[in-house]
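Each chain, written out:
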Amino acid sequence: MDSWLTTVGLPVALGIVMLGLGLGLTIGDFRRVAAYPRLVLIALGCQVVLLPAICFGLVLLFGLRPELAVGMMLLAASPGGTTANLYSHLFGGHVAVNVTLTAVNSVLAVFTLPVVVNLSADHFLGDAAPIGLQFGKVLQVFAIVLVPVALGMALRSRFPGFADRLGRPVKILSVVVLVAVILGAVLKERANLADYFLAVGAVVLVFNVISLLVGYGMPRLAGVGRRESIAAGMEIGIHNSTLAITIAISPALLDSTEIAVPAAVYGIVMFFTAAVFGYLVSRGRDPVGAGRGRTA
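A quick note: this is a predicted structure, and the numbers were derived from the prediction, not measured.

**Q** Would you take a moment to explain the overall build of the protein chain for this structure?
**A** In terms of helices and strands, the protein chain carries 12 helices and 0 strands. For the protein chain, the α and β elements follow one another from N to C terminus as α-α-α-α-α-α-α-α-α-α-α-α. Taking the intrachain contacts of the protein chain between residues at least 6 apart in sequence as the baseline, contacts between residues at least 24 apart amount to 84%. Here the protein chain has roughly 12900 Å² of accessible surface; of this, 69% comes from carbon and sulfur atoms.

**Q** Mind showing me how you'd approach the pattern of salt bridges here?
**A** Any two side chains of opposite charge can pair, given that their charged atoms come close. Evaluation of the coordinates by the stated rule reveals 1 salt bridge. A salt bridge links arginine 65 to glutamate 258, with the shortest nitrogen-to-oxygen separation between them at 2.3 Å. In this pair, arginine 65 is assigned in the loop between α3 (37–62) and α4 (66–77) and glutamate 258 in helix α12 (residues 257–282), connecting sequence segments 193 residues apart.

**Q** When you look at the nonpolar core in this model, what are you seeing that I'm missing?
**A** Generally speaking, a soluble globular protein has its nonpolar side chains buried in company with each other. Of all hydrophobic cores here, the largest spans 68 residues; its most connected members are Leu64, Met72, Leu74, Val200 and Phe207. Considering every element that reaches this core, the biggest residue donor is α12, with 11 residues. With sequence-adjacent residues up to four places away left out, methionine 72 is seen in contact with Cys55, Val59, Leu64, Val203, Val204, Phe207 and Pro262. Judged by nonpolar contacts, the second largest core, of 7 residues, contains Val17, Met18, Val149 and Met153.

**Q** Explanation requested: the packing of aromatic side chains in the structure shown.
**A** Any aromatic ring pair is given by two values, namely how distant the centres are and how the planes are angled relative to each other. Enumeration over the complete set of coordinates arrives at 4 aromatic pairs. Ring centres of phenylalanine 56 and phenylalanine 124 lie 5.8 Å apart, and the angle between their planes is 50°; this geometry places the pair in the tilted category. Within this pair, whereas phenylalanine 56 is found in helix α3, its partner phenylalanine 124 is found in helix α6 (residues 95–125), the two being separated by 68 residues in sequence. Centroid distance tyrosine 216 to phenylalanine 277: 6.0 Å. Interplanar angle 80°. Geometry classified as edge-to-face.

**Q** Whenever I open this one, the side chain of serine 229 confuses me. Can you help?
**A** Of note, serine 229 is situated in helix α10 (residues 226–237). With residues near it in sequence (within four places) discarded, serine 229 still touches Gly215, Tyr216, Pro219, Arg220 and Val224.

**Q** Just to check I follow, could you spell out the environment of isoleucine 236 for this structure?
**A** For isoleucine 236, the position within the fold is in helix α10. On the basis of relative accessible area, isoleucine 236 is assigned to the buried category, the value being 0%. Expressed as a C-alpha distance, the spacing of isoleucine 236 and leucine 44, which sit 192 residues apart in the sequence, is 8.8 Å.

**Q** What is the right way to read α3 from this model?
**A** What sets the pattern is the α-helix's 3.6 residues per turn: residues three or four places apart point alike. The end-to-end C-alpha distance of α3 is 36 Å, a good match for the 38 Å that 26 residues give at a rise of 1.5 Å each. Turning to α3, its buried residues are Leu39, Val40, Ile42, Ala43, Leu44, Cys46, Gln47, Leu51, Pro52, Cys55, Leu58 and Val59. Of the residues one or two after α3, glycine 63 is the one with positive phi, at around 65°.

**Q** Whenever I open this one, the packing of helix α11 (residues 241–249) against α12 confuses me. Can you help?
**A** Helix packing for two helices is described by the angle between their axes and how far apart those axes are. Viewed as axis vectors pointing N to C, α11 and α12 meet at an angle of 165°, and their least axial separation amounts to 8 Å. When the interaxial angle is binned, α11 and α12 end up roughly antiparallel. Seen from above, α11 lies across α12 with left-handed handedness. Of α12, the residues touching α11 (which contributes Ser241, Ala244, Ile245, Ala248 and Ile249) are Thr257, Ile259, Ala260, Ala263, Ala264, Tyr266, Gly267 and Met270.

**Q** In this structure, what is going on with the side chain of serine 282? I would like to understand it.
**A** Among the structural elements, serine 282 can be located in helix α12. Here glycine 278 takes part through its backbone oxygen, which lies 2.6 Å from a polar atom of the side chain of serine 282. When near neighbours in sequence (up to four residues on either side) are disregarded, serine 282 contacts Phe91 and Ile230.

**Q** Before we go on, may I ask you to explain the confidence of the model for the protein chain in this structure?
**A** Predicted coordinates in regions of low pLDDT should not be interpreted in detail. For the protein chain, the average pLDDT comes to 78, and 77% of its residues sit at 70 or higher. For residues 286–296, every residue scores under 50 in pLDDT, and the model assigns this stretch 22 contacts once sequence neighbours within four places are set aside.

Criteria and thresholds
- Residues numbered from 1 in each chain as written.
- Predicted model: local features only at pLDDT ≥ 70, side-chain atom pairs only at ≥ 80, totals over all residues.
- Heavy atoms only, no water.
- Helix = DSSP H or I, 4+ residues; strand = E, 2+ residues; numbered from the N terminus.
- Contact = heavy atoms within 4.5 Å.
- Areas by Shrake-Rupley, 256 points an atom, 1.4 Å probe, with all protein chains shown as cover.
- Salt bridge = Lys/Arg side-chain N within 4 Å of Asp/Glu carboxyl O.
- Core = buried A, V, L, I, M, F, W, Y, C linked by side-chain atoms within 4.5 Å.
- Buried < 20%, exposed > 50% of the residue type's maximum accessible area, 1.4 Å probe, protein only.
- Phe/Tyr/Trp six-rings, centres within 6.5 Å; stacked < 30°, edge-to-face > 60°.
- Expected span 1.5 Å × (residues − 1).
- Axes fitted to C-alpha atoms, helices over the stretch in contact; angles between N-to-C directions.
- Parallel < 35°, antiparallel > 145°, perpendicular 65-115°, else oblique.
- Left-handed = near helix turned anticlockwise from the far one by under 90°.
- Polar contact = N/O pair within 3.5 Å; in protein donor to acceptor, adjacent residues only side chain to side chain.
- pLDDT = per-residue confidence, 0-100.

So, in structure tokens, the structure goes:
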């Protein structure tokens with residue numbers, strides 16, 4: 001996967017996606033944390049602590065080789081993305097909650113993702129590991145994820161009309177660029193696709209299903225409303241595989257195609273599992289407009 005598609009195309013696509021997210025964000029979205037403190041704490045706890053722990057157990061259970069194990073942990077540490085917002089909208093989730101969780105998780109991941117990746121590399125690759133996310137590389141992650149978001153938010157704050165007009169074209173462009181990059185990478189690696197799925201397909205599927213169930217089930221057990229729980233399920237269950245792939249293959253970051261394999265497989269699997277999950281949890285959902293009250 002080492003080509004202009006992945007070294008240039010993926011970061012550009014990710015930047016466009018995050019710019020589109022920023023164009024739809026305001027400071028009020030971050031303030032919304034105060035309106036849903038219980039849900040946000042549960043979601044962040046699942047994202048930052050529970051899912052990496054579950055993923056670590058699955059990696060050991062399935063006996064993945066070291067590079068693939070690090071790739072799975074990188075995926076587990078990645079935040080949700082704009083795809084989660086789309087699925088939440090399609091299946092009756094509280095999209096404003098998704099936007100809030102995506103924004104908070106993206107900021108938090110700047111600090112938590114390098115910690116998880118470095119600990120994983122030390123554990124699975126040992127002293128022979130030539131990789132790691134040092135402080136300078138953390139800043140690069142910050143640039144990849146948050147600078148486009150901040151730019152989008154600034155445009156929306158200063159020129160809201162322009163941001164509204166720009167939002168839809170940017171979203172369309174981000175989808176087109178992202179699909180083109182992924183298709184290009186898939187076609188280039190088509191001879192290895194079967195091996196990739198054989199190597200990590202089962203663990204990726206299990207982890208994806210568990211992520212969706214945890215993201216939805218934990219808030220429901222805590223008494224959070226159905227729509228908010230659907231939003232949390234999509235946010236926690238649909239990881240930002242594009243970010244994980246970008247970090248894995250970037251020459252300035254991890255520079256490893258093999259570490260990118262779990263995220264690449266996940267990026268395909270999640271579209272189908274999230275659709276099935278969304279259908280199941282949205283059946284018999286509250287009428288539109290119900291369940292919009294505060295979850296505190």
